[in-house]
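Structural features, examined
The lines below spell out each chain.
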Amino acid sequence: MILRSERLELRPIEEGDLEFIRELINDPEVEKTIVGWMWPLSAKDEQEWYKGFRNSNKEVRYLIALHDGTRLGLTGLTDMDWKNGRCKSTGIRISPRVQSKGYATEAYITMFDYAFNQLRFHKVMGSALETNKASLRLMEKLGYKVEGVLRDHVFKNGKYCNVVTTSILAEDFNRLHRPEKN
C-alpha cells in the first residue's frame, strides 16, 4: 500500500530507486547520525539485497518521495509483533539536501497513522544516539516517550555512545496528531 500525505508518498522500494538509496546509505554525514552502521554499499551488493528483499508481515520499508517522484529518504517498520501489537521503526534517513523542511515529521506521522489506525499496532519503538539532538527533538515532537538509555551501546564517530530508547503508543499518537479520533 502506498501511503500519501499532503506533500509526500511513502511507497515500496523499486529497482530504479537503488542508486539513490546507495548514495544515501554511503553518505558519511547521514551515517554518523544513525544508531546502526553499514559497510560501504556497492551497486552489486545492493542489487543482491534488492533481489532478496520482500516487504512482509515482519517488516516493511518505504521510499519517501514528493508527489512528483523526487526521492527524499527511507523509513519503515520492522520486528512486527502482531500478538503483542508492537513493532520498531527503522528510523528515518532523509537526504541532507532536503533536511529541516518538515519531511521527516510528515513521513513519520503518515507511517504511524497507518501503523496505529490501519494495522492496529499499539506501540512503535525507536532509538536515537544521545548526541543526535535533531532526532531526539523530532521524537519528542511526535509524542515518543523515553524508555531508557543504553550506556556506551554503539561505537560511533570514534567513541562509544549512549543510545536513547523510546516508544510511542497509539493513544498518544492519536491524541497529538488525530484529535478527531478522541
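A brief look at the structure comes next.

Before going further, it helps to examine the nonpolar core. Of all hydrophobic cores here, the largest spans 33 residues; its most connected members are Leu8, Leu10, Ile64, Leu77, Phe112, Phe116 and Val124. Only strand S2 (8-11), strand S3 (60-66), strand S4 (71-81), strand S5 (86-94), helix H4 (103-117), strand S6 (123-129), helix H5 (133-142) and helix H6 (170-177) provide two or more residues apiece to this core. What Phe116 contacts, discounting residues up to four positions off in sequence, is Phe121, His122, Lys123, Val124, Ile168, Leu169, Ala170 and Phe173. Counting residues in each nonpolar core, the second largest holds 11 residues, with Ile13, Phe20, Leu24 and Val30 among its members.

Attention now goes to the pattern of salt bridges. A side chain of one charge can pair with a side chain of the opposite charge if their charged atoms are brought near each other. Under the definition given, this model contains 13 salt bridges. Several salt bridges converge on common partners, so that one network encompasses Arg4, Glu9, Arg11, Asp17 and Arg71.

Two elements in contact, helix H1 (residues 18-26) and helix H3 (residues 43-52), have axes whose closest approach is 10 Å; the angle formed by their N-to-C orientations is 115°. Helix-helix and strand crossings are classified by hand; for H1 and H3 the assignment is right-handed. Contacts between H1 and H3 pair Leu18, Glu19, Ile21 and Arg22 from the former with Ala43, Glu46, Gln47, Trp49 and Tyr50 from the latter. For the contact of H1 with H3, a count of residues per class yields five nonpolar, one polar and three charged.

Turning next to the sheet that holds strand S8 (residues 159-169). Reading across the sheet, the eight strands line up as S1-S2-S3-S4-S5-S6-S8-S7 and stay open at both edges, with mixed pairing between neighbours. With partners counted over all chains shown, the strands left at the sheet margins are strand S1 (3-4) and strand S7 (145-156), one partner each. Sitting on the sheet, H1 is in contact with S3, S4 and S5, with an inclination near 80° to S4. Sheet contacts for H4: S1, S2, S3, S4, S5, S6 and S8; angle to S5, the most-contacted strand, approximately 160°.

As enumerated under the stated definition, the model contains eight aromatic pairs in all. Measuring from centroid to centroid gives 5.1 Å for Tyr108 and Phe112, while their planes differ by 25°, and the two rings are stacked. A residue pair is termed a helical-turn pair when its members lie 3 or 4 positions apart in one helix, as Tyr108 and Phe112 do in helix H4 at four residues. The same class applies to Tyr108 and to Phe112, which are both buried. Judged by centre distance (6.4 Å) and plane angle (85°), the ring pair of Phe112 and Phe173 falls under edge-to-face. Of this pair, Phe112 sits in helix H4 while Phe173 sits in helix H6, and the two are 61 residues apart along the sequence. Judged by its relative accessible area of 0%, Phe112 is buried. Grouping aromatic residues by their ring pairs yields a cluster made of Tyr108, Phe112, Phe116, Tyr144 and Phe173.

Conventions adopted
Residues numbered from 1 in each chain as written. Predicted model: local features only at pLDDT ≥ 70, side-chain atom pairs only at ≥ 80, totals over all residues. Heavy atoms only, no water. Core = buried A, V, L, I, M, F, W, Y, C linked by side-chain atoms within 4.5 Å. Buried < 20%, exposed > 50% of the residue type's maximum accessible area, 1.4 Å probe, protein only. Helix = DSSP H or I, 4+ residues; strand = E, 2+ residues; numbered from the N terminus. Contact = heavy atoms within 4.5 Å. Salt bridge = Lys/Arg side-chain N within 4 Å of Asp/Glu carboxyl O. Axes fitted to C-alpha atoms, helices over the stretch in contact; angles between N-to-C directions. Left-handed = near helix turned anticlockwise from the far one by under 90°. Nonpolar A, V, L, I, M, F, W, Y, C, P; charged D, E, K, R; others polar. Pairing = 2+ DSSP bridges. Phe/Tyr/Trp six-rings, centres within 6.5 Å; stacked < 30°, edge-to-face > 60°.

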